[in-house]
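Fold and contact review
Take a look at the letters that make up each chain.
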Amino acid sequence: MGRTRRGIVDVFVGLTLGCTGTAPADPGTISGTDGSSPTVGASGADASGGTAVGDAGTSSSSAMDSTSGDASSSGGSALPSSTSDASSGAEPPGLSPEEQAAVDDNWALRETRAIEAWQLVRARGREPGEGVLIAQPDTGASPHPELQPSSDGHSPLRWDLARDFVDGDDDPQHGFDNPLMLPAHGHGTETSSVIVSPLGCPLAGSNEMPCVTGAAPAASVVPLRISDTVVLVSGDTAAAAVDYAVDIGAHVISISMGGVTPMPALEAAIENARAAGIIVVAAAGNGTGIIVVAPSTFDGVVCVAGITPDIEPWSTSARGPRVDISGPAVDVRYARVTEQGGALTYGIGLAQGTSDATALTASAAALWLSYHGRDALLERYGAAGIPVVFRSLLTEYGVSVPPRWPESNWGSGVLDMVALLEAPLP
């Protein structure tokens, strides 16, 4: 299918009411006890006592996606500083066999050219997303094998910074004991894995099964539990989480939740976060037709709608003139966690929802920051200018445009991370 690059559209956006997880795609699962965050080795065995339990037979449908994670981190690396907007001149290396396998296996990575964008970041001496802190207000997190520290010691999830704004503590585990939990498979774990799951297949201990590869694996996600459902009502816990993200120096906030009620506290918190230089990305919503949900409707937020593997608008995605761009929202591979009898079961599934398109766009923001160097961007634009410049470049250059693309309702095009990084800085 031929693609073209499109100019900026002056439209704004909405949010996501969630996502639907399809049947697990993994042949193996692991059980562990609920509660503390166990360390899981590459073989998939839970070091705190859980053992592999064989094939996952559970097939479940849930509605909506979000953040998640595991692995305690002892400290974040500083964002790389400075680079000019000109190319470094170094020829990006080709993909490794493992990276090529991830591209071949995952249409979302292939369509957005995420792993190709990694090579551009590495040509500047950095890892994809290196030093970028992504705050993720969601339903919590879990110690999924796909979110354990990588071999170089990097922790995808910052448990040391994690907070639970529902129970008022620092242990944002999913609320599986809540019968109203939606979706039931751990939405926060899902979307976190789409962002930061390391390359490889830790759940099976081999690369012979489908596995999750995050689009910005050198970034770190901070799990912030604000609700047990992806449908927001008051927005007060979300506002507290956004304020906390500012306090800890987050660089990106990814919100795969939303609602249609007024949320003045959340709107004010996001305005403050953007003034502090934080890029805020939110989902347009699922199943709401032409109604996009807050907070993606708030000023300056990047609103993301969804497409299918056929590179067509996803009919369940919210759409409308407030959408900025669209991204993969159907059959996106994710880390799945469920609970039964007090034990967590880990697997891999295929998700549906603008939550996943949002997570991929937050990943693109992390790659952009690590590519250019946030210190250089701060010096060039000031804190408040960073989210403005990012959104402008994303919608004007950071997309590919399929033939007959309905931009009036689906944004300027489909997320293209290589095009975003190659866009000249104004």
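Before reading further, recall that the structure is shown in the block above.
The structure displayed is predicted, hence computed values, not measured ones.

1. Section: the overall build of the protein
Assigned secondary structure in the protein consists of 11 helices and 14 strands. Within the protein, the proportion of its 426 residues that are buried is 61%. Taking the contacts inside the protein whose residues are at least 6 apart along the sequence as the reference set, 80% of them involve residues at least 24 apart. On the protein, roughly 14,200 Å² of surface is accessible, and the fraction owed to carbon and sulfur atoms is 51%.

2. What about the pairing of strand E4 (residues 133-138)?
Counting buried positions along E4 yields six of six residues, so the element is predominantly enclosed. Burial along E4 is two-sided: Leu-133, Ala-135 and Pro-137 and Ile-134, Gln-136 and Asp-138, pointing in opposite directions, are all buried. Summarising the sheet, E4 and strand E6 (residues 220-225) pair through six bridges and their orientation is parallel. Bridge assignment links Asp-138 to a residue of E6, and that residue is Arg-225. Bridge count for E4 against strand E7 (residues 252-255) is two bridges, and the pairing is parallel. Looking at E7, one finds that Ile-134 is bridged to Val-252.

3. Remarks on a nonpolar patch on the surface
A contiguous nonpolar surface patch, about 340 Å² in accessible area, is contributed by Val-260, Ile-290 and Ile-291. Ile-291 gets classed as partly exposed once you look at its relative accessible area, which sits at 48%.

4. A look at unusual backbone geometry
What is expected of a backbone is that most residues other than glycine have negative phi and most peptide bonds are trans. Residue Pro-183 follows Leu-182 across a cis peptide bond; omega there is -5°. Of the consecutive residues Ala-294 and Pro-295, the connecting peptide bond is found in the cis state with omega at 15°. As for its position among the elements, Pro-295 is in the loop between strand E8 (279-283) and strand E9 (302-307). Even without glycine at this site, Arg-404 takes up a positive phi of about 60°. For Arg-404, the position within the fold is in the loop between strand E13 (399-400) and helix H10 (407-410). We classify Arg-404 as exposed; its relative accessible area is 77%.

5. Focus on the nonpolar core
Formed by 74 residues in total, the largest nonpolar core has its most connected members in Ile-279 and Trp-368. Looking at this core, the element that brings in the most residues is helix H7 (residues 354-372), giving 11 residues. Here Ile-279 is in contact with His-251, Val-252, Ile-253, Ala-365, Trp-368, Leu-369, Ile-386, Pro-387 and Phe-390, once residues within four sequence places are set aside. Judged by nonpolar contacts, the second largest core, of 29 residues, contains Ala-135, Ala-239, Ala-273 and Phe-298.

6. Focus on the pattern of salt bridges
A full pass over the atoms with the stated rule returns nine salt bridges. With its nearest N and O atoms 3.0 Å apart, the salt bridge here joins Asp-416 to Arg-113. Of this pair, Asp-416 sits in the loop between strand E14 (414-415) and helix H11 (417-422) while Arg-113 is found in the loop between helix H2 (107-112) and helix H3 (114-122), placing the two residues 303 residues apart along the sequence. Arg-113 sits in the partly exposed class, given a relative accessible area of 30%.

7. Remarks on the environment of Gly-168
Relative to the assigned elements, Gly-168 resides in the loop between strand E5 (163-164) and helix H4 (187-196). Along the primary structure Gly-168 and Arg-225 are separated by 57 residues, whereas in three dimensions their C-alpha atoms are 9.6 Å apart.

8. Regarding the side chain of Ser-370
Assignment of secondary structure puts Ser-370 in helix H7. In terms of polar contacts, Ser-370 uses its side chain to reach the backbone carbonyl oxygen of Leu-367, at 3.1 Å.

9. Looking at the packing of H7 against helix H8 (residues 374-381)
Between H7 and H8, whose axes approach to 6 Å, the crossing angle comes to 85°. Here H7 is positioned roughly perpendicular relative to H8, judged by the angle of their axes. Contact residues: H7 offers Trp-368, Leu-369 and His-372, while H8 offers Arg-374, Ala-376 and Leu-377.

10. A look at the packing of aromatic side chains
Applying the stated criterion across every chain, the model contains two aromatic pairs. Look at Phe-165 and Tyr-244: their rings are 6.0 Å apart centre to centre, the planes differ by 65°, and that puts the pair in the edge-to-face class. Placement of the pair is Phe-165 in the loop between E5 and H4 and Tyr-244 in helix H5 (residues 236-247), with a sequence separation of 79 residues. Residue Phe-165 is classed as partly exposed on the basis of its relative accessible area of 24%. Taking the relative accessible area as the measure of exposure, Tyr-244 reaches 13% and is therefore buried. Across the ring face of Tyr-371, the terminal group of Arg-124 is positioned such that the distance to the ring centre comes to 3.8 Å.

11. Some details on the packing of H3 against H7
Their axes nearest at 9 Å, the elements H3 and H7 cross at an angle of 15°. For the element pair H3 / H7, the angle class is roughly parallel. Once H3 is placed against H7, the crossing between them reads as left-handed. Contacts between H3 and H7 involve Ala-114, Ala-117, Trp-118, Leu-120 and Val-121 from the first element and Leu-367, Ser-370 and Tyr-371 from the second. For the contact of H3 with H7, the per-class residue count stands at seven nonpolar, one polar and no charged.

12. Some details on the pairing of E7
When a strand is regular, its side chains alternate between the sheet's two faces. Judged by which residues are buried, E7 turns out to be covered on both faces: Val-252 and Ser-254 on one side and Ile-253 and Ile-255 on the other are all buried. Looking at chain direction, E7 and E8 are connected through four bridges and run parallel. Across the sheet, Ile-255 pairs through a bridge with Ala-282, a residue of E8.

Quick notes on the rules
Along every chain, residues carry numbers that run from 1 in the direction the sequence is written. Local features are withheld for residues below a pLDDT of 70 in this predicted model, meaning they are given only at 70 or higher, and side-chain atom pairs are given and counted only at 80 or more; totals for whole chains, interfaces and linings count all residues. Where side-chain values are given, they derive from all heavy atoms of the structure, hydrogens and water being excluded. Each helix corresponds to a stretch of at least 4 residues labelled H or I by DSSP, and each strand to a stretch of at least 2 residues labelled E; elements are numbered beginning at the N terminus. Burial classes: relative accessible area under 20% of the type maximum marks a residue as buried, over 50% as exposed, and values in between as partly exposed (1.4 Å probe, protein chains only). For this analysis, residues touch if any pair of their heavy atoms sits within 4.5 Å. In short, Shrake-Rupley with a 1.4 Å probe defines the accessible areas, and a residue's cover is counted only from the protein chains shown. By the convention used here, strands pair only if DSSP detects at least 2 bridges between them. Like-charged residues within 9 Å of one another, or nonpolar side chains (Val, Leu, Ile, Met, Phe, Trp, Tyr) within 5 Å, are grouped into patches, provided each residue has over 30% relative accessible area and no salt bridge. Each reported salt bridge corresponds to a side-chain nitrogen of Lys or Arg within 4 Å of a carboxyl oxygen of Asp or Glu. Buried Ala, Val, Leu, Ile, Met, Phe, Trp, Tyr and Cys residues form a nonpolar core when they are joined through side-chain atoms within 4.5 Å. Here a polar contact is taken to be a pair of N or O atoms separated by no more than 3.5 Å, where protein atoms must pair a possible hydrogen donor with a possible acceptor and residues adjacent in sequence count only if both atoms sit in side chains. For helices, the fitted line uses only the C-alpha atoms of the stretch in contact; every axis is such a line through C-alpha atoms, and the angle between N-to-C directions lies from 0 to 180 degrees. Roughly parallel means an angle under 35 degrees; roughly antiparallel, over 145; roughly perpendicular, 65 to 115; everything else is oblique. Two rings from Phe, Tyr or Trp (for Trp, the six-membered ring) form a pair when their centres sit within 6.5 Å of each other. Planes less than 30 degrees apart are called stacked, planes more than 60 degrees apart edge-to-face, and all others tilted. Comment: the charge-over-ring label is applied if NZ (Lys) or CZ (Arg) is within 6 Å of the ring centre and within 35 degrees of the ring normal. A crossing counts as left-handed when the near helix is turned anticlockwise from the far one by less than a right angle, and as right-handed when that turn is clockwise. Gly falls in the polar group here, along with every residue not listed as nonpolar (Ala, Val, Leu, Ile, Met, Phe, Trp, Tyr, Cys, Pro) or charged (Asp, Glu, Lys, Arg).

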